[in-house]
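The chain contents come next:
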Amino acid sequence: MQVESKVIKGLVGNHAVAYAVKQAKPQVLAVYPITPQTTMLEKLSEYVESGELKAKMIRVESEHSALAAVYGAALAGSRVFTATASQGLLYMTEMIYWAGGQRVPIVAAVATRAIASPWSILDDHHDFVSKRDAIWIQLMAENVQEAYDLTIQAFKISEDKRVLLPVMMGFDGFILTHTLEKVELLPDNVVDAFIPPRDFNLIDFSDPLGIGQVASPEDYIYYRYEAQRSMERSREVITEVERDYEDITGRKYGLIDCYMCDDAEYIIVSMGAWSGDARVAVQKEREKGIRAGLLKVRTFRPFPKDEVKQIVGKSRGVVVFDRSVSYGSGGVLANEVKSASYGLDVPIHSVIAGLGGKDVRPLHMEKVLDDLALNQLEDERWLL
Amino acid sequence: MLEISLKGRGGQGVVTAGELLAKGAIIEGLFAQSVPFFGGERRGAPVSSEVRVSDSPIPLHRRVYNPDMVAVFDPSLMEILRPLEGIKNDGILVINSNSPKSYWKNTYFLDATAIAMSIGLTIGGWSVVNTAMLGAMVKVSRIVDVNAIEDAVKEEFPGKLGEINAEAVEMGYKEVSLVG
């Protein structure tokens, strides 16, 4: 049943995510400041200081320690949260793998930002996608509303016993973290009912055990096999959680979002905030008589292989917009889409754009879609 | 959809002005977005913010290239930033200036610095002109009712500070006039 008493507010992305975290009631937080995440930490600290969020905010000296702290607290039974970006996520990386390998329920927000060098504080997706093999579920938001919604969903997905995996919620640095948009907030009691307190422990304190010990080759591969199985099971759980969320909010989510895909001949694939600009480009192409559609990837891990293949298979040509590159290989999302579409006879092109905060406009996407329709698009094009 | 570009200097409250304009529109039931732009800003360095207001959801996240209104918080920025580049043909310029100089066919001016000084809106000797500029912007563009802006201002700054800023909005609203 849909909630009647919605609160509508203008919030910047960082504050919307902080609000969602407050409503999720984590007991332990550890966050180290880094642009463009810092204003989220500031807001969370205000909530803890005022008592609105009854949680322990552990002051740490680095991102590595931030994740180490919440990792321990999560093992001990607490609901936990952390957040970072860019160089901070890199510094956190050793612990990222520890948390993923141990399948500990953690929610981390990543305010996506380019990686040095050269230095940039602005947006791209290199930090986020570089964690694709760390056994974390990775969701990415298109706008401030979605960042709020996915943060709430992330706690439920992470703690589901069929899953038990850390979840990373990515949202574009500055473009969403610092942009104020209209947001519908759920009442606290509705969030309480959606994500009740975590009621299980990963350690039985009456029967202590060591965690993270050395594993024999026989055991090691077994752990990794279980991690992969858990990742596969999470598809169903994510879909279920998003369906339950839709019942409350009326907002429909899923592993992917398809806009005007039904009869689309030419598909643009994207992830994150510029998916909104891609919607506008698709509308403009339709006005010109080109049957374009948008395939937005919301769940980067697990990658929605079947859903992507189905959409690609119905089209005549695909172009994937990437804000990240696997150097010496190609656009990271493009490679995923190509892999998922194996066996199909549909050309899949790659566009690299928007690195280090470079603005990308619907008209750039229209030009690419025009060229795709005219069969004049290269395999890989950089919008320099 | 209307797009607005705000240009000022660090310390003048440009980012807050953009957010308050968007919040006022949201209070009125509209859709709005406020996008600040940061570099290595310090007090006094150029800062900009961009605002969109629409009666339908706003999917865009690109920057603003063809604003319907440009608000310049410091006239010295007219030469440094070329803020009128890309302005729509019938676009409006609102400028904080103590003289009725015409920069553009639709130039509106007000002495927002004098307004801020007169009611004590200063921080460390810098006049905080954003709320007076907001009053002027809503007067000449009519995008949002001035009462919604005052509500947003009072929510942002509780107590006495909110009242002073709401007064600045009203003064800006009354004092802005067309050059020409």
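See the structure above.
Each chain carries its own residue numbering, running from 1 in the written order of its sequence. Chain labels run from A onward and ligand labels from 1 onward, assigned in the order the entries are written. Side-chain atom pairs in this predicted model are given and counted only at pLDDT of 80 or more, local residue features only at pLDDT of at least 70, and totals for whole chains, interfaces and linings cover all residues. Remark: hydrogens and water are excluded; side-chain values derive from all non-hydrogen atoms of the structure.

A.B. asks: Sorry if this is basic, but what is going on with the environment of A:S50 here?
C.D. replies: Residue and element names in this part refer to chain A. Secondary structure counts use DSSP, requiring at least four H or I residues in a row for a helix and at least two E residues in a row for a strand, with both numbered from the N terminus. Examined against the element boundaries, S50 turns out to sit in helix α2 (residues 38–50). With a 1.4 Å probe rolled over the protein chains alone, any residue whose accessible area is under 20% of its type maximum counts as buried; one over 50% counts as exposed, and the rest are partly exposed. Note on S50: relative accessible area 47%, which makes it partly exposed. Under this definition, polar contacts are N or O atom pairs within 3.5 Å; protein pairs additionally need one hydrogen-donor-capable and one acceptor-capable atom, and for neighbouring residues in sequence, both atoms have to be side-chain atoms. Separated by 3.2 Å, the side chain of S50 and the backbone oxygen of Y47 make a polar contact.

A.B. asks: For this particular structure, what's the right way to read a nonpolar patch on the surface?
C.D. replies: Surface patches are drawn from residues lacking salt bridges whose relative accessible area is over 30%; two like charges belong together within 9 Å, two nonpolar side chains (Val, Leu, Ile, Met, Phe, Trp, Tyr) within 5 Å. Under the convention used here, a 1.4 Å probe and the Shrake-Rupley method define accessible areas, while residue burial counts only the protein chains that appear. When a carboxyl oxygen of Asp or Glu is within 4 Å of a side-chain nitrogen of Lys or Arg, the pair counts as a salt bridge. A contiguous nonpolar surface patch, about 380 Å² in accessible area, is contributed by A:I221, A:Y222 and A:Y225. Position of A:Y222 relative to the elements: it lies in helix α9 (residues 217–249).

A.B. asks: What am I meant to see in the sheet that holds strand β9 (residues 177–178) of chain B here?
C.D. replies: Backbone-to-backbone hydrogen bonds pair the strands of a sheet. The strands run either parallel or antiparallel. In this description, strands pair whenever DSSP reports at least two bridges between them. Strand order across the open sheet formed by 9 strands is β1(A)-β8(A)-β2(B)-β3(B)-β1(B)-β4(B)-β5(B)-β6(B)-β9(B), with mixed pairing between neighbours. Edge strands, defined here as strands with exactly one partner in the open sheet, are β1 (7–12) of chain A together with β9 of chain B. The pairing of strand β1 (residues 2–9) of chain B with strand β3 (residues 46–54) of chain B spans 8 bridges and is antiparallel. Paired with B:R9 across the two strands is B:P46, which belongs to β3(B). Any pair of residues with heavy atoms lying within 4.5 Å of one another is described as a contacting pair. For every element, the axis is a line fit to its C-alpha atoms; helices are fit only across the contacting stretch, and the angle between N-to-C directions ranges from 0 to 180 degrees. Against the sheet, helix α1 (residues 14–27) of chain B touches β1 and β8 (180–185) of chain A together with β1, β2 (31–37) and β3 of chain B, its axis set at about 10° to β3(B).

A.B. asks: Could you clarify how one ought to interpret the sheet that holds strand β16 (residues 348–352) of chain A in this entry?
C.D. replies: Residues and elements named next belong to chain A. Pairing in this open sheet of 6 strands is mixed, and the strands run β9-β11-β10-β13-β16-β17 from one edge to the other. Whereas interior strands pair on both sides, the edge strands pair on one side only; in this sheet they are β9 (256–259) and β17 (380–382). Each neighbouring strand pair of the sheet contributes to a mean axis angle of 20°, computed without reference to strand direction.

A.B. asks: Can you walk me through the pairing of strand β13 (residues 317–322) of chain A in this structure?
C.D. replies: If a strand is regular, its side chains alternate between the two faces of the sheet. Residues and elements named next belong to chain A. Counting buried positions along β13 gives 6 out of 6 residues, so the element sits mostly inside the fold. Of the two faces of β13, the one holding G317, V319 and F321 and the one holding V318, V320 and D322 are both buried throughout. Of the pairings in the sheet, the one linking strand β10 (residues 266–270) to β13 comprises 4 bridges and is parallel in character. Its bridge partner being in β13, I268 is matched across the sheet by V319.

A.B. asks: What is the right way to look at the side chain of A:D277 in this model?
C.D. replies: Here A:D277 is to be found in helix α10 (residues 274–287). With residues up to four places along the chain from it excluded, the contact list for A:D277 reads A:V360, A:P362, A:M365, B:P59, B:L60, B:H61 and B:R62.

A.B. asks: Would you mind showing me how to read empty space enclosed by the protein here?
C.D. replies: Where empty space is left can be seen by rolling a probe of water-molecule size over the atoms. Both cavities and pockets are sets of points on a 1 Å grid over the protein atoms alone; in a cavity a 1.4 Å probe fits but cannot get out, in a pocket the set is open with protein on both sides within 12 Å along at least five of seven lines, and lining residues sit with an atom within 4 Å of a point. Grid points are joined across faces, edges and corners, and a volume is the space filled by probe spheres set on the points. Scanning the entire structure with this criterion turns up 2 cavities of 30 Å³ or more. Taken together, A:H125, A:V129, A:M271, A:W274, A:F300, A:F321, A:D322, A:R323, A:S324, A:V332 and A:L333 make up the lining of the largest cavity. Elements represented by at least two residues in the lining of the largest cavity include exactly β13 and α12 (332–340) of chain A. Ten residues, namely Ala, Val, Leu, Ile, Met, Phe, Trp, Tyr, Cys and Pro, are considered nonpolar, four, namely Asp, Glu, Lys and Arg, are considered charged, and the remaining ones, Gly among them, are considered polar. Among the residues forming the lining of the largest cavity, the class breakdown is 7 nonpolar, 2 polar and 2 charged. Here the second largest cavity defines a volume of roughly 40 Å³. Along its surface, the second largest cavity is lined by A:I175, A:A273, A:W274, A:D277, A:R323, A:D359, A:V360, B:H61 and B:R62. Residue composition of the lining of the second largest cavity, by class: 4 nonpolar, 1 polar and 4 charged.

A.B. asks: Just to check I follow, could you spell out the state of the cysteines for this structure?
C.D. replies: In a disulfide, the sulfur atoms of two cysteines are covalently bonded to one another. All names here are of chain A. Only a pair of cysteine sulfur atoms within 2.5 Å counts as a disulfide in this structure description. Considering all chains together, one arrives at 1 disulfide over all chains under this definition. A disulfide bridge connects C258 with C261, and the sulfur atoms are separated by 2.2 Å. Looking along the S-S bond of the C258-C261 disulfide, the torsion reads about -75°, which is the left-handed sense. Residue C258 is classed as partly exposed on the basis of its relative accessible area of 30%. Of the residues examined, C261 reaches a relative accessible area of 7% and is grouped as buried.

A.B. asks: Teacher, can you tell me more about the environment of B:G10 here?
C.D. replies: All names here are of chain B. Along the chain, G10 turns up in the loop between β1 and α1. Looking at G10, the relative accessible area reads 10%, which means it is buried. Counting along the chain gives 159 residues from G10 to V169, while the straight-line C-alpha distance between them is 20 Å.

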